[in-house]
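Listed below are the residues making up each chain.
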Amino acid sequence: MNKDLVLKIKSNPKYQELVSKRNSFSLKLSIFILAMFYTYILVIAFNKEILATRIGDGVMTIAFPIGAAIIIISFLTTLVYVKRANGEFEDLTNEIKEDVKDLI
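Residues numbered from 1 in each chain as written. Predicted model: local features only at pLDDT ≥ 70, side-chain atom pairs only at ≥ 80, totals over all residues. Heavy atoms only, no water.

Student: Help me out: how do you make sense of the packing of aromatic side chains in this one?
Tutor: Enumeration over the complete set of coordinates arrives at three aromatic pairs. With a centroid separation of 6.0 Å and an interplanar angle of 15°, the aromatic rings of Phe25 and Tyr81 are classed as stacked. Taken together, the positions of Phe25 in helix α2 (residues 13–46) and Tyr81 in helix α4 (residues 63–99) put the pair 56 residues apart, joining distant regions of the chain. Of the residues examined, Tyr81 reaches a relative accessible area of 27% and is grouped as partly exposed. Relative to Phe89, the ring of Phe25 has its centre 6.4 Å away and its plane inclined at 70°; by these criteria the two rings are edge-to-face. In this pair, Phe25 is assigned in helix α2 and Phe89 in helix α4, connecting sequence segments 64 residues apart. By relative accessible area, which is 14% here, Phe25 ends up buried. On the basis of relative accessibility, which here comes to 4%, the residue Phe89 falls in the buried class. Ring-pair connections join several aromatic residues into one group, and the members of that group are Phe25, Tyr81 and Phe89. Looking at Arg84, its charged tip hangs above the ring of Phe25, at a distance of 4.3 Å from the centre. (Phe/Tyr/Trp six-rings, centres within 6.5 Å; stacked < 30°, edge-to-face > 60°. Helix = DSSP H or I, 4+ residues; strand = E, 2+ residues; numbered from the N terminus. Buried < 20%, exposed > 50% of the residue type's maximum accessible area, 1.4 Å probe, protein only. Lys NZ or Arg CZ within 6 Å of the ring centre and 35° of its normal.)

Here's what the structure looks like:
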């Protein structure tokens with residue numbers, strides 16, 4: 001890749017904004033998901049009785065719906081990231097491309 005092009009892109013304030021926003025957003029979502037997973041595992045490790053509580057008269061415990069909710073929330077956070085990536089982040093990327101178009 002052309003070194004001038006790389007320097008032009010890296011020095012572009014929109015590129016720096018894109019990197020900052022993308023990293024911040026992905027870090028927040030990652031911490032949220034990891035906190036959910038680790039909290040679930042810690043409850044299993046240190047207080048099994050909470051998750052062993054039966055729901056109704058059947059054999060299902062409260063652990064199953066909570067585990068399923070964690071997985072569903074993980075998918076939903078992925079969708080939130082994809083929506084933002086295809087919207088705001090893609091718009092910034094296109095603006096950066098327009099700014100460096102003359103060097104390509």
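Having seen the structure, we can now continue with the description.
Student: Just to check I follow, could you spell out the nonpolar core for this structure?
Tutor: Grouped burial of nonpolar side chains is what soluble globular proteins tend to show. The biggest cluster of nonpolar side chains holds seven residues, and these are Leu18, Phe25, Leu29, Ala85, Phe89, Leu92 and Ile96. Of all the elements in the fold, those that place two or more residues in this core are α2 and α4. Sort the elements by how many residues they give to this core and α4 lands first, with four residues. Met36, Tyr40, Leu51 and Ile70 belong to the second largest nonpolar core, which has six residues in total. (Core = buried A, V, L, I, M, F, W, Y, C linked by side-chain atoms within 4.5 Å.)

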